[in-house]
Amino acid sequence: FATRLGFILAAMGMAVGTGNIWRFPRMVAENGGGSFLIGWALSLFVFALPLIMVEIFIGRRTRMGTIGSFGKFIGKKFAWFGPIVFIVLAGLTFYYSVIVGWTFKYFTLAVTNNFADDATAQWQSFSTAGVEPVIYHLIAAAVCGIIVFFGVTKGIERVSKIFLPLLFLMLIFTAIRSVTLPGAIDGLAYMFTPQWEYLGKASTWLQGLSQAAWSVGAGWGLYATYALYTRKRDDIAQNAMTAGLGNNSVELLAGMTIIPAIFALAPSQEYIDQATGAGNAGLTFIYMVELIKTMPGSYFFGVAFFGALAFAAFTSLMAMVELITRNLSDYGIKRNKAIVLTVLGVFAGGIPSAVSMKVFNNQDWVWGVGLLLSCFLY
């Protein structure tokens, strides 16, 4: 990285993804609002930030990808940790590229103002179309490959310096617009007021821990990969703190966009319950589309919201592609060839998830569990 700021922005771009914008608001809504925020905030400082610092230190110390770094850092007896972390990340990348394709599709729909009257039918038609999700999945993987081809400084760092400020501006705009809607104050009250009975539930704390690990990207090997390209004098603790708090700021902005909008625009409490329990895809691509269409200034809000979602998803995928590429390069494959192999592998590995939601949901569960193992190994 040319500058320390470049690393921080790239690290934030890697961490800020769909987990921030579509998963976090749902977790808040399902787990007691402010009660969830308490567990989520504590998990950041007790679990996620220390893990990020460990990752950065290992990456900077060994200057190797995840496969080789464990053996070099703690000895050959534990070298097998590295391949497991790599396999988990690769499995995540295959289906995550499909999600990035979805965000590209809906950003296009927002820009062209082509949301259908029936948001459910539109989502089901697209997600089960077969060919179209595969095409968008290919576009996502290929564009990431092109960015990584230009290198860390001219590719990843330059794109991060553009996309991250735009992402923050878009979310600030959507959050301000959402909280100024009539009735939005009820959503803010729900989001920030603890429901004390939830603090006695183990699920609240587990979901807070899960969200902290998932959204910050701790234990994925991505911070370790980006740390390969940093200077020795850079402050590890300060970099980790800045990236972690920046990531959580995005989550709060996303929550302040979605939750107040649901409470302000939903026609009934039953609708609110349905929206918050609709899963990640249902909340984002069905209920949010329906709510956006009823909002004053809906076009600009829709473009900003889905633009932020697409930018966040894309910058995370860039880091995943770089991690796979770097590991291949460490073992003798020329970087340009490694990029091509990575893009082709991601595309081929993601096709089953692109054509079948049943396969996609299975992959989401399998590699979510795998991520817990990856975190444990770090």
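Residues numbered from 1 in each chain as written. Predicted model: local features only at pLDDT ≥ 70, side-chain atom pairs only at ≥ 80, totals over all residues. Heavy atoms only, no water.

Help me understand the overall build of the protein chain, please; the structure alone is not making it clear to me.
From N to C terminus, the protein chain includes 17 helices and zero strands. Against the compact-globule benchmark of 21 Å for 378 residues, the protein chain has a radius of gyration of 20 Å, which places it among compact chains. Counting all 378 residues of the protein chain, 58% fall into the buried class. Element-wise, carbon and sulfur atoms account for 68% of the exposed surface of the protein chain, whose accessible area totals about 14800 Å². Distance between charge centroids for the protein chain: 19 Å, based on 24 positive and 17 negative side chains. (Helix = DSSP H or I, 4+ residues; strand = E, 2+ residues; numbered from the N terminus. Rg over C-alpha atoms; globule rule 2.2 N^0.38 Å. Buried < 20%, exposed > 50% of the residue type's maximum accessible area, 1.4 Å probe, protein only. Areas by Shrake-Rupley, 256 points an atom, 1.4 Å probe, with all protein chains shown as cover. Lys, Arg positive; Asp, Glu negative; His and termini not counted. Charge placed at Lys NZ, Arg CZ, Asp CG, Glu CD.)

Would you take a moment to explain helix H1 (residues 4-15) for this structure?
A turn of α-helix holds 3.6 residues, and therefore any two residues three or four places apart point the same way. Taking 1.5 Å per residue, twelve residues should reach 16 Å; H1 reaches 17 Å between its end C-alpha atoms and fits that length. The buried fraction of H1 is high, at ten of twelve residues. Gly 6, Phe 7, Ile 8, Leu 9, Ala 10, Ala 11, Met 12, Gly 13, Met 14 and Ala 15 are the residues of H1 that are buried. (Expected span 1.5 Å × (residues − 1).)

Honestly, the packing of aromatic side chains in this entry has me stumped. Any pointers?
The relative placement of two aromatic rings is captured by the distance of their centres and the angle of their planes. The tally for this structure, following the rule as stated, stands at 32 aromatic pairs. Arranged with centres 5.4 Å apart and planes meeting at 85°, the rings of Tyr 95 and Phe 360 form a pair that is edge-to-face. With Tyr 95 in helix H5 (residues 81-111) and Phe 360 in helix H17 (residues 357-377), this residue pair connects regions lying 265 residues apart in the sequence. Exposure remark for Phe 360: the relative accessible area of 6% places this residue in the buried category. Where Tyr 299 meets Phe 300, the ring centres are 5.5 Å apart and the plane angle is 80°; that geometry is what we call edge-to-face. Among the residues examined, Tyr 299 registers a relative accessible area of 33% and is labelled partly exposed. Of the residues examined, Phe 300 reaches a relative accessible area of 59% and is grouped as exposed. Clustering of aromatic rings is evident, with ring pairs tying together Tyr 95, Trp 102, Tyr 106, Phe 115, Trp 123, Phe 126, Tyr 136, Phe 285, Phe 305, Phe 306 and Phe 360. Across from the ring centre of Tyr 198, 4.2 Å away, lies the NZ or CZ of Lys 201, which sits over that ring. (Phe/Tyr/Trp six-rings, centres within 6.5 Å; stacked < 30°, edge-to-face > 60°. Lys NZ or Arg CZ within 6 Å of the ring centre and 35° of its normal.)

What is the right way to read the pattern of salt bridges from this model?
Once the charged atoms of two side chains with opposite charge are near each other, the side chains can pair. Under the criterion given, the structure shown has five salt bridges. A salt bridge links Arg 26 to Glu 30; the shortest N-O distance between them is 3.4 Å. In this pair, Arg 26 and Glu 30 are both assigned in helix H2 (residues 18-30), four residues apart and thus about one turn of the helix distant. Residue classification places Glu 30 among the partly exposed residues on the basis of a relative accessible area of 33%. Lys 105 is the partner of Glu 132 in a salt bridge, and the nearest nitrogen-oxygen pair spans 2.7 Å. (Salt bridge = Lys/Arg side-chain N within 4 Å of Asp/Glu carboxyl O.)

Would you take a moment to explain the environment of Thr 180 for this structure?
The topology assignment puts Thr 180 in the loop between helix H8 (151-179) and helix H9 (184-192). In sequence terms Thr 180 and Thr 315 are 135 residues apart; their C-alpha atoms lie 29 Å from each other. At 3.0 Å, the side chain of Thr 180 forms a polar contact with the backbone oxygen of Arg 177. (Polar contact = N/O pair within 3.5 Å; in protein donor to acceptor, adjacent residues only side chain to side chain.)

How should the nonpolar core be read in this particular structure?
Of all hydrophobic cores here, the largest spans 121 residues; its most connected members are Ile 21, Trp 102, Tyr 106, Tyr 223 and Phe 306. It is helix H15 (residues 298-330) that contributes the most residues to this core, 19 residues altogether. Setting aside residues no more than four positions away along its own chain, Tyr 106 makes contact with Phe 115, Gln 122, Trp 123, Phe 126, Phe 285, Val 289 and Phe 306. By size, the runner-up hydrophobic cluster in this structure holds eight residues, among which are Met 27, Val 28, Phe 36 and Trp 40. (Core = buried A, V, L, I, M, F, W, Y, C linked by side-chain atoms within 4.5 Å. Contact = heavy atoms within 4.5 Å.)

Just to check I follow, could you spell out the packing of H1 against H15 for this structure?
When two helices pack together, their arrangement is given by the angle between their axes and by how far apart the axes lie. Interaxial distance between H1 and H15 falls to 6 Å at its minimum, and their mutual angle equals 105°. By the angle between their directions, the pair H1 and H15 is classed as roughly perpendicular. For the pair formed by H1 and H15, the contact residues are Gly 13, Met 14 and Ala 15 on the first element and Ala 312, Thr 315, Ser 316 and Ala 319 on the second. Grouping the constituent residues of the contact of H1 with H15 by class yields four nonpolar, three polar and no charged. (Axes fitted to C-alpha atoms, helices over the stretch in contact; angles between N-to-C directions. Parallel < 35°, antiparallel > 145°, perpendicular 65-115°, else oblique. Nonpolar A, V, L, I, M, F, W, Y, C, P; charged D, E, K, R; others polar.)

Before we go on, may I ask you to explain unusual backbone geometry in this structure?
In most cases, non-glycine residues show a negative phi, while peptide bonds are predominantly trans. Not every positive phi belongs to a glycine, and Arg 63 is a case in point at roughly 55°. Mapped onto the elements of the fold, Arg 63 is located in the loop between helix H3 (34-62) and helix H4 (66-74). Residue class for Arg 63 comes out partly exposed when judged on its relative accessible area of 27%. Despite not being glycine, Asn 113 shows a phi value in the positive range, around 55°.

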